[in-house]
Amino acid sequence: MADDVILSMSGITKTFPGVRALDGAQLTLRKGEIHALMGENGAGKSTLIKVLTGVYSYENGEIHMEGVEGNMINHSTMEAQNHGISTVYQEVNLCPNLSVAENLFIGRQPMTRTHSIDWRTMNRRAREIMDRLQIECDVTANLENYSIAIQQMVAIARAYDMHAKVLILDEPTSSLDDNEVGKLFRLMKDLKEEGVSILFVTHFLEQVYAVCDRITVLRNGAFVGEYPVTELP
């Protein structure tokens, strides 16, 4: 891979009974960029993401990522996460009945010497993360008290704190108003400045022009092309 590439997928083929969902699909994601993945319904966007993140296996092709030797095959979302790939979906996959801090540290809570949760440390660290990312919320309040936009930002903050190199945002703006979209885009740009590579799946062309560097287009499971946003009318 080129020095500026964090992730490359080439020749990816995935079939279901009677359907070839991916037909030699490809994607190149560079370091510290926001990259749109576009195509109409059924183009293969979700399937490509699920192949990358270990939800689906694939028949042919190769996936290479910086820091991973050889062809990367993720057998689960946890394995993908261990490789530095995190996904935030439109429907936030967190626990609304737990606090913001608890959601940030699920499965990795700081512990005391007596093996109980160190609530003071967890809340302090949660506040530091939210302040760093300029997300305004009370980390001790339950997640369900906040809008979908804030819940998505908490999920993104969790991925950030787990040192995600590649952050996949799958239709994150579908349920947001214009003000919330603006806040999400600010966070995306901040993460880009931190060196995180973001794959942004969306149907909204105006949002692509507002925040993205390049676009990859799929059609019927096949790669159509990759384009710098500045070169497209």
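Just so it is clear, the model here is predicted, and its values are computed rather than measured. (Residues numbered from 1 in each chain as written. Predicted model: local features only at pLDDT ≥ 70, side-chain atom pairs only at ≥ 80, totals over all residues. Heavy atoms only, no water.)

**Student:** Please explain the packing of helix α4 (residues 119-132) against helix α5 (residues 148-161) as it appears in this structure.
**Tutor:** In a pair of packed helices, the angle between the axes and the distance between the axes together describe the arrangement. Across the interface, α4 lies against α5 with an axial gap of 10 Å and an inter-helix angle of 105°. Between α4 and α5, the angle falls in the class roughly perpendicular. Taken together, the residues of α5 that come into contact with α4 (itself represented by R125, I129, M130 and R132) are V154, A157, Y160 and D161. Split into classes, the residues belonging to the contact of α4 with α5 amount to five nonpolar, no polar and three charged. (Axes fitted to C-alpha atoms, helices over the stretch in contact; angles between N-to-C directions. Helix = DSSP H or I, 4+ residues; strand = E, 2+ residues; numbered from the N terminus. Parallel < 35°, antiparallel > 145°, perpendicular 65-115°, else oblique. Contact = heavy atoms within 4.5 Å. Nonpolar A, V, L, I, M, F, W, Y, C, P; charged D, E, K, R; others polar.)

**Student:** Just to check I follow, could you spell out the sheet that holds strand β6 (residues 166-170) for this structure?
**Tutor:** Sheet strands pair via backbone hydrogen bonds, and the direction of the pair is either parallel or antiparallel. Pairing is mixed in the open sheet, where six strands are placed in the order β5-β6-β7-β3-β8-β9. Whereas interior strands pair on both sides, the edge strands pair on one side only; in this sheet they are β5 (85-89) and β9 (222-228). Ignoring which end each strand starts from, the neighbouring axes of this sheet average 20° apart. Alignment of β6 against strand β7 (residues 197-201), held across five bridges, turns out to be parallel. Considered in β7, the bridge of I168 is made with L199. Here α5 sits on the sheet in contact with β5 and β6, set at roughly 175° to β5. (Pairing = 2+ DSSP bridges.)

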